Amino acid sequence: MNIVEVNNLTKIYDSHSPRGGVVALDRVSLQIQTGEIFGLLGPNGAGKTTLFKLLLGLLTPSSGEVQLCGHAVAEPLSRLKVGYLPENPRFPGYHAGTTLLALTGRLHGVSQLEIKARIPLLLQLVDMEKWADTKIRKYSKGMVQRIGLAQCLMADPELLLLDEPTDGIDPVGKVEFRQIFLRLKSEGRTVVLNSHLLSEVELAADRVGILNRGRLVKIDSVEALTSKRSQFEIEADLGDELIDIASEMGTKLFLSAQKLVVELRHEEDINFVIDQLRAKRIRIRSVKPLRVSLEQSFFETITEVPQGLA
Amino acid sequence: MNGILRDTIAELIDRKILYVFLGITVIAVMVVAATSSVDLRVQVTGPGDFSGDSPSLFVESAIVKLIGGFLSLLIFLAAMASASLVPNMLEKGRADFYLTKPLSRGSILLKKYSAIWLTYGGIVLASGLIVYLVAALVHRTADLRIAYLFGVSLINLSIWFSITVAVGVLTRSTPMAIMAAFIVWVAQTILAGHEAIGEFIGSTAWKHVIDGLYYVLPKPSALFDQATGLCVGRPIEDWIPLPTSLLFALAMLAFAVTVLKRKEF
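Within every chain, residues take consecutive numbers counted from 1 along the sequence as written. Chains and ligands are labelled sequentially in the order written, the chains with letters from A and the ligands with numbers from 1. Thresholds applied to this predicted model are a pLDDT of at least 70 for local features of residues and 80 or more for the giving and counting of side-chain atom pairs; totals over whole chains, interfaces and linings are not thresholded and use all residues.

Considerations on helix α9 (residues 294-303) of chain A
Residue and element names in this part refer to chain A. To assign burial, the other C-beta atoms lying within 10 Å of each residue's own C-beta are counted, with C-beta atoms placed from the backbone; 20 or more indicates buried, 12 or fewer indicates exposed, and intermediate counts indicate partly exposed. A run of DSSP states H or I qualifies as a helix once it reaches four residues; a run of E qualifies as a strand once it reaches two. Both are numbered from the N-terminal end. Within the sequence span of α9, burial applies to Leu-294, Ser-297 and Phe-298. One side of α9 holds all its buried residues, which, seen down the axis, span an arc of 100°. Taken together, the buried residues of α9 touch β3 (37-41), α6 (198-204), β9 (207-212) and α7 (222-226). Throughout, the arc means that of the directions going from the helix axis to the C-beta atoms. Placing C-beta atoms from the backbone, we regard two residues as in contact once those atoms come within 7 Å.

Some remarks on helix α11 (residues 220-231) of chain B
Taking 1.5 Å per residue, 12 residues should reach 16 Å; α11 of chain B reaches 17 Å between its end C-alpha atoms and fits that length. Regarding α11 of chain B, the residues found buried are Pro-220, Ala-222, Leu-223, Phe-224, Gln-226, Ala-227, Thr-228 and Cys-231 of chain B. For a helix, the expected span equals 1.5 Å multiplied by the number of residues minus one.

Looking at the interface of chain A and chain B
Counting residues at the interface gives 22 residues for chain A and 20 residues for chain B. For the side of chain A that touches chain B, the element with the most residues is helix α2 (residues 97-107) of chain A, which contributes 4 residues. When residue character is reported, Ala, Val, Leu, Ile, Met, Phe, Trp, Tyr, Cys and Pro are called nonpolar, Asp, Glu, Lys and Arg charged, and the others, Gly included, polar. Looking at the side of chain A that touches chain B residue by residue, the class counts come to 14 nonpolar, 5 polar and 3 charged.

Details of the domain arrangement of chain A
On domain assignment, one finds that chain A holds domain 1 (2-90 + 140-224) and domain 2 (228-293). Boundary definitions for the domains trace back to an automatic or database domain assignment. Inter-centroid distance (C-alpha atoms) of domain 1 of chain A to domain 2 of chain A is 41 Å.

Here's the deal with the sheet that holds strand β7 (residues 159-163) of chain A
All names here are of chain A. Strands are labelled as partners when DSSP assigns at least two bridges between them. One open sheet accounts for 6 strands, arranged β6-β7-β8-β3-β9-β10; its pairing is mixed. In the strand order of this sheet, the two ends are held by β6 (82-85) and β10 (215-221), each with one partner. Direction aside, neighbouring strands of the sheet carry axes that sit 15° apart on average. Bridge count between β3 and strand β8 (residues 190-194): 4 bridges; the pairing is parallel. Directly across from Leu-40, in β8, lies its bridge partner Asn-194. Every axis corresponds to a line fitted to the C-alpha atoms, with the helix fit spanning only the stretch in contact, and the corresponding angles, defined between N-to-C directions, vary from 0 to 180 degrees.

Right under this line is the structure:
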C-alpha cells in the first residue's frame, strides 16, 4: 500500500510573473510504500523541501495530485497520522520540551492520558529527559532537532517526514537517530528522509529518489544504486599468473599477486572467470561484487544532462 | 481549542504581560482607595453638571467614568499586547509547526482568535472587577448595571482583535497590525461626527463616502459611550454602532480566514 502518492506534481513559484515564474517541481510522480525508509536526495534548490511542503499542504500545487495516507492533502485528515520535522524548526521558545510535546499531542487530538504516558517515553527515546523542563529558546541546535523528532512521534504517526533531521546533531546522536529510524521502520512506520548527508541515507534508507532541477531523475533501491553489478573483486593467490579476459566478455581493471578486479559485460560471465582461475589451480579466497557509495551514484546521476535540457 | 488556548496562555505568561496588567490594577486600586477620603457628596451642593442629581447617582457616575476609563486603558493595552500573537505564529519555521497539524487553517485561526479573546478578555474582566469591587466597597455603592461596561469591553476586544488578527495574517507584521488598529481608532473617532463633517463638505459624493465609512467601520468608542450611559440610566438612542461593529469584526475574521487559506508557507 502506498502511503504517499504523488502524480504529475508541478510547482511554479511566482507563476503570474512576466518571466513565467520559477519551476521548483516539474511533473514529479512518486509512490512511497508503507513501512519503508525513503531517502530524498538532491542538490540545493532541487525541490526537496518544496516537495515536503506540498505533501503537507503548506504550498498549493500548480498542477498534479498529492495524497497522504489515502487522503488528498487539502484535507486536514491527511495529516492526522503524520509527523513532520521541518528544516530549521522554530518551535515556540516559550514552551519547554514537555509542554511542546503536550501541545503537539493536543493539536493532533491525542487524549490527555496518552499524552501523559507518551511524553516520558519520547523524551527518553531522544535522550532529552534532562532538558524536559528547560525552555526551548535555551536549547542548542541539536537539542531542538531531538525534541523535534520527539514531537514528530507524539501522535503515534504512520508517516514521518523529516527534513534534514540530523542537522546540528553530533556523530553519536546521528547513530542514535539512525537506530530510531530503523526501529520506526521495524514498527511498520514509513520514514521519508530529506538529507544532504548521503552516507546517512545510504545506511538507513531502503529506496532513494534523486531530485535535480525540480525533476525526479532517479528512483531506486539503495542496493541497486550502490552496486556496480558488472564489477567484481576476486581475492586469490594469483602469484605471477597472467589472467586474460576475452574482450567480448569484459576487461581486466586491476591485477596483483593477491587481487583481480574485472568488469564484465554480463554478470553471469563471472563463472567463466572463476572457471579459468580454477583451471589454473589458483586458490580463490573470495569473490565479491564491487559497490559504489551512494555519494558516487548521486553525483553520477545529477551530473547526467537530463533529457530535454541538453 | 484546548491546545491553542493553553499555547496562548503559555505565551502570555512567558511575555510577562500579566505583570503589566497586575501592576496597572494595583495602581488603579490605590487610586480608588485614595478617593475614600473625598466626600463626593459635598460637591453636589456646589455648581456643576451634577447639581440636579442625587448624591448616590453622582458617586455612581464618577465610579462608572473611572471604571470606564480604566477598562478603556486595559482594552488598549490588550489590543497592543496581543497584536504580535498571530504574526509570531505565522513566522517562518513556526508556521510549519502549527499548519501541519490535522486542523484546517480556518479552524486554527479561529481557535487562536478565540483563545486571544478569552485570555485577554479574562484579564480585562478580572482587573476591572477588582477595581470596581474596591470602588464599590470604599464608596458603599454598587450597581449591577456596571455589567454593561464589562459586556461592551468584551465586544470591543473582539472588534480590536479582529483587526489585529486580520492584518497580522495579511502582513505577518506586528507593527502593521498595531498601526491598522490605531488608524481604525482614529478614523472611528473622527467619523463619529460624520453628520457635522457633512455640513462642511460641499460635494454630495464625498458626503456619501464619509457616511459610508461611518457605517462600514466599527464604532467601539460609541459603544463604550452607550454602555456608560446605560450604567447611569440613559437609554440607547442609536442602535447602529452595535450591529455595524459586530458585522465589521465578522467580516475581518472572514477575510483573515480567506487570506490564510490562500497563503503559502
